[in-house]
Amino acid sequence: MQSLTSRAKQVDRRPMTFLERIYVWEIFKGMLITLKHFFKKKATISYPEQKREFSPVFRGLHVLNRDEQGRERCTACGLCAVACPAEAITMEAAERLPGEENLYREEKYAAKYEINMLRCIFCGLCEEACPKDAIYLSETFAPSNYQRKGLIYGKPDLLIPDPVTQPEEYKKALGNRANQKEKAN
Amino acid sequence: MQITLLAFDWFFLVEKLVLIIGIISVSLVIAMYETWAERKVAAFIQDRIGPNRAGPLGLFQPLADGMKLFMKEEIIPNTSNRMLFILGPCLAMMTAMMTSAVIPWGGTLDLFGRSIPLQITDINIGILYIFGVVSMGVYGIMIGGWASNNKFSLLAALRGASQVISYELPMGLSLIALLMLTGSLKMSVIVGQQLDGWYNVLWQPLGFFIFLVCAFAECNRTPFDLPEAENELNFGYHQEYSSMKLGFYLFAEYINMFISSVIMSTLFFGGYDIPFVNDAHLVESWGNWAVLLQGFCLFAKTAMFIFLFMWVRWTIPRFRYDQLMNLCWKRLIPLALANMIITAAIVLWLKK
Ligand code: SF4
Ligand code: SF4
């Protein structure tokens, strides 16, 4: 029979030799192996102090983006909600009133925009569907919560800080990935 | 009336009480930190770092664990025999502690013009006493398993009882060979001989090895942890126990481990002897400090054995039950008998 992997091994069914039957020598060999591990580098990452590097394609919590002048990019077209396989996104559209041009980039905007983090599977399809570059997945985890309703994220939770008034927070929320992209450009 | 009261040596009573309280609290603290060490050793062997959140290096972890056990709800199954159910862990704990009475923890202290030996009692049947108490430990397991009124607990208890009783035989036989050399059952005499001469392990390497294996089995440690085989018997004989009663069982096990390590160092590795040094000289020049150093040496030797216990536990899987019994009756007992007979022959031949 052709073996499926290169590491397949025949089971050894020979009767045990004397050395194996008195166990002691074999146990001693095993103990040497464990002793070696005793001094090995530990694989543990002490989580809150030390964080694992995310891969460049990591998909975490969503961020609703703003443009350079701090205006919300989302135009409530609903393409993300259509694309979402988990049906996690709901929104309500509203028309931009005169005088609100500094808040919303397009004439129509999302008055309510909710993502249910319990439904979301972090597939990133919403990000791909969006024509306005308004939503993308960041490098943070979905945090835990005591109540289900706490995991339905509304606009205040999702919107990125204003780059004009809070540039520091904006940079941070953008995450490493966006910064790297900037560097590459 | 008053005269008879005064004639009694009250200092003796106080001295022994203090000693007993001291030794018991030391063994409890050591058992506590054994749980910590066990987790650390396990973690290190498995390339982890183990508990490190409670206090520096996770040193308060045992306190947190104890607190957790105390806080838990105490459940007594209503089909079990209530009295026996409570008696089980008590017995286990008691027998675990009682063995420490005859162990010499150090030389003789000179305090307030009195000489205080660091041994609770120096009876002339020291080793027999230890054996008697250790074999009573089976009752803790057996009663616990029986009173739980649970098939798995009972099975585990039966396994435990037959295992402990079986392994007591080669243990006793290996000790007989040792006793032929020392010629005394008194613990202090056995240590005393090793203070000036060679350690017993040099004369009795095979005896020591058999004793070590049996000690593993007596403490229900891997590879002989069949009474608590989680994957075969859910949890073992203490499956129905909760809260501090469970804690007592687990604790008794760690105390057992500590005590058998102490016994091994006492019988085979010179007890409180400071290695490579002439103890008598040191005690003369340093006085009480040397005695404390002796106690420390005993603890260092014990710690070595405890580490060995843990090292083995995290290295090998457990035996199957028939392998366990074969090992005992077909290997260890003949080996111990041969060891005994050869020792006897040599002793006779040398004495002529
Ligand atoms: S990541 Fe996927 S599942 Fe989550 S909201 Fe976007 S499209 Fe829906
Ligand atoms: S996030 Fe993008 S896809 Fe979704 S509604 Fe807004 S503009 Fe449309």
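Everything below is about the structure shown above.
About the cut-offs
Residues numbered from 1 in each chain as written. Chains lettered and ligands numbered in written order. Predicted model: local features only at pLDDT ≥ 70, side-chain atom pairs only at ≥ 80, totals over all residues. Heavy atoms only, no water. Contact = heavy atoms within 4.5 Å. Buried area = accessible area lost by both parts, 1.4 Å probe. Salt bridge = Lys/Arg side-chain N within 4 Å of Asp/Glu carboxyl O. Polar contact = N/O pair within 3.5 Å; in protein donor to acceptor, adjacent residues only side chain to side chain. Nonpolar A, V, L, I, M, F, W, Y, C, P; charged D, E, K, R; others polar. Helix = DSSP H or I, 4+ residues; strand = E, 2+ residues; numbered from the N terminus. Buried < 20%, exposed > 50% of the residue type's maximum accessible area, 1.4 Å probe, protein only. Near = heavy atom within 4 Å. Pairing = 2+ DSSP bridges. Phe/Tyr/Trp six-rings, centres within 6.5 Å; stacked < 30°, edge-to-face > 60°.

**Things to note about the interface of chain A and chain B**
Thought 1: Counting from both sides, the interface comprises 18 residues of chain A and, opposite them, 20 residues of chain B.
Thought 2: When chain A packs against chain B, close to 1,700 Å² is buried across both sides, 69% of that on carbon and sulfur atoms.
Thought 3: Summed over the three residues of chain A that lose the most area to chain B, namely Y23, M31 and F38 of chain A, the buried surface amounts to 34% of that side.
Thought 4: For the pair chain A and chain B, the number of links is one salt bridge.
Thought 5: The salt bridge partner of E49 of chain A is R53 of chain B, with a shortest N-O separation of 3.2 Å.
Thought 6: For the interface between chain A and chain B, the tally reads eight residue pairs in polar contact (both at pLDDT 80 or more).
Thought 7: Broken down by class, the residue content of the side of chain A that touches chain B amounts to eight nonpolar, five polar and five charged.

**Topic: the side chain of T302 of chain B**
All names here are of chain B.
Thought 1: Along the chain, T302 turns up in helix α13 (residues 288-313).
Thought 2: Looking at T302, the relative accessible area reads 1%, which means it is buried.
Thought 3: The contacts of T302, once residues within four sequence positions are left out, are F258, S261, V262 and S265.

**Observations regarding the site of ligand 1**
Thought 1: Around ligand 1 sit H62, C84, P85, A86, I89, C120, I121, F122, C123, G124, L125 and C126 of chain A, and those are all the residues in its vicinity.
Thought 2: Residue composition of the shell around ligand 1, by class: 10 nonpolar, two polar and no charged.

**Re the sheet that holds strand β2 (residues 89-95) of chain A**
Residues and elements named next belong to chain A.
Thought 1: Spatial ordering of the open sheet is given by β2-β3-β5, a layout of three strands whose pairing is antiparallel. One side of each edge strand has no neighbouring strand; the edge strands of this open sheet are β2 and β5 (152-153).
Thought 2: Where strand β3 (residues 108-116) meets β5, two bridges bridge the pair, whose relative direction is antiparallel. By the bridge assignment, I115 is partnered in β5 with Y153.

**Quick look at the packing of aromatic side chains**
Thought 1: Inspection of every chain in the model, using the stated rule, returns 22 aromatic pairs over all chains.
Thought 2: Between F38 of chain A and F307 of chain B, the ring centres sit 5.7 Å apart and the planes meet at 85 degrees, which makes this aromatic pair edge-to-face. With one member in each of two chains, F38 of chain A in helix α2 (residues 24-38) and F307 of chain B in helix α13 form a pair that bridges those chains.
Thought 3: For F38 of chain A, a relative accessible area of 18% translates into the label buried.
Thought 4: Of the residues examined, F307 of chain B reaches a relative accessible area of 27% and is grouped as partly exposed.
Thought 5: Ring plane angle 25 degrees and centroid distance 4.5 Å describe the contact between F216 of chain B and F309 of chain B, whose orientation is recorded as stacked. Here F216 of chain B is found in helix α9 (residues 205-218), whereas its partner F309 of chain B is found in helix α13, with 93 residues between them in sequence.
Thought 6: By relative accessible area, which is 1% here, F309 of chain B ends up buried.
Thought 7: In textbook terms, an aromatic cluster arises when at least three aromatic residues are bridged by ring pairs, as seen for F38 and F39 of chain A together with F44, F307 and W311 of chain B.

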